[in-house]
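Topology and contacts: notes
Chain by chain, the residues run as shown.
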Amino acid sequence: MMPPGHVAVTWGITGLLQKNNPQLAQLDYRLLAACALLPDIIDKPLAMLVFTRAETSQFIAHSLIFNLVLIVLALLFWKRSVPYVLAVTLHLLADRMWHHGQTFWWPVYGWNVFWAFKPMNTPETMVSVYLDLFIRYPQVWVIETLAMFALGWFVFSRRLYQWPNLKHFLVTGQIKWGKQNTRPEASGSKWP
């Protein structure tokens, strides 16, 4: 899945959960987006700088153990971070990492053994691999197009096209609830 897809899935699930749980209203959507992309933020540079001979860009941050360590640390030391850690885990689900066993189960198969696809050790090779994915797998176009529509709906439904709402969102990562855009649990209405 591409970045828009990861962010759209995470924000969509968060929005659905916020409908029934007002305690989640304080989540920072900016941080959720960063966490939804964290495995790629970590592993893409590893492909270019550390594992330059590997034929993948999915490494340690795409492994089950990495995610389990994050969850345990969150539960032990900072329970409020659990939704953000779950956004990282959602990345694994969206990438369907169980199909990439050498990476998912790292380091069971070895410290330097990861699922092989194609070399992605430069920005140019990564771009060519992503273009190849779009050509080989048309469903990627469908998923990412739906993701872009979902992100557009997020902007529209939360009125982020209005500067005060957008500014509040960019500064705080939260949705500004005004007269026209009232909080669902306060007004008794459904999500705007």
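Read on for an overview of the structure. Counting from 1, residues in each chain are numbered in the order their sequence is written. The predicted origin of the model limits local features to residues at a pLDDT of at least 70 and limits the giving and counting of side-chain atom pairs to 80 or more, whereas totals for whole chains, interfaces and linings rest on all residues. Processing note: side-chain calculations cover all non-hydrogen atoms of the structure and skip hydrogens and water entirely.

1. Let's talk about unusual backbone geometry
Note: most residues except glycine have negative phi, and most peptide bonds are trans. Going from Trp106 to Pro107, the amide bond is cis rather than trans, its omega being 5°. A run of DSSP states H or I qualifies as a helix once it reaches four residues; a run of E qualifies as a strand once it reaches two. Both are numbered from the N-terminal end. Along the chain, Pro107 turns up in the loop between helix H5 (101-104) and helix H6 (123-136). Positive phi, normally seen in glycine, also occurs at Arg96, with a value near 50°. Along the chain, Arg96 falls in the loop between helix H4 (82-94) and H5. Given the relative accessible area of 48%, Arg96 is considered partly exposed. Phi at Arg159 is positive, roughly 55°, even though this residue is not glycine. In this structure, Arg159 sits in the loop between helix H7 (138-157) and helix H8 (163-172). Note on exposure labels: buried denotes an accessible area under 20% of the residue type's maximum, exposed denotes more than 50%, and partly exposed covers the range between, all computed with a 1.4 Å probe on protein chains only.

2. Points about helix H1 (residues 3-20)
The end-to-end C-alpha distance of H1, which contains 18 residues, comes to 27 Å, matching closely the 26 Å that a straight helix rising 1.5 Å per residue would cover. Within the sequence span of H1, burial applies to Gly5, His6, Val7, Ala8, Thr10, Trp11, Thr14, Gly15 and Gln18. By definition here, a helix of n residues has an expected span of 1.5 Å times n minus one.

3. Digging into the nonpolar core
Each nonpolar core is a collection of buried residues, namely Ala, Val, Leu, Ile, Met, Phe, Trp, Tyr and Cys, held together in the definition by side-chain atoms within 4.5 Å. Counting 21 residues, the largest nonpolar core has Val7, Trp11, Tyr29, Leu32, Phe154 and Phe169 as its most contacted members. Ranked by residues supplied to this core, first place goes to helix H2 (residues 29-49) with five residues.

4. Let's talk about the packing of aromatic side chains
Within 6.5 Å between ring centres, the rings of Phe, Tyr and Trp (the latter by its six-membered ring) count as paired, and their orientation is classed by plane angle as stacked under 30 degrees, edge-to-face over 60, tilted in between. Applying the stated criterion to the full structure yields ten aromatic pairs. Ring centres of Trp11 and Tyr29 lie 5.6 Å apart, and the angle between their planes is 75°; this geometry places the pair in the edge-to-face category. Placement of Trp11 in helix H1 and of Tyr29 in helix H2 is noted, with a sequence separation of 18 residues between them. Assessed through its relative accessible area of 13%, Trp11 is described here as buried.

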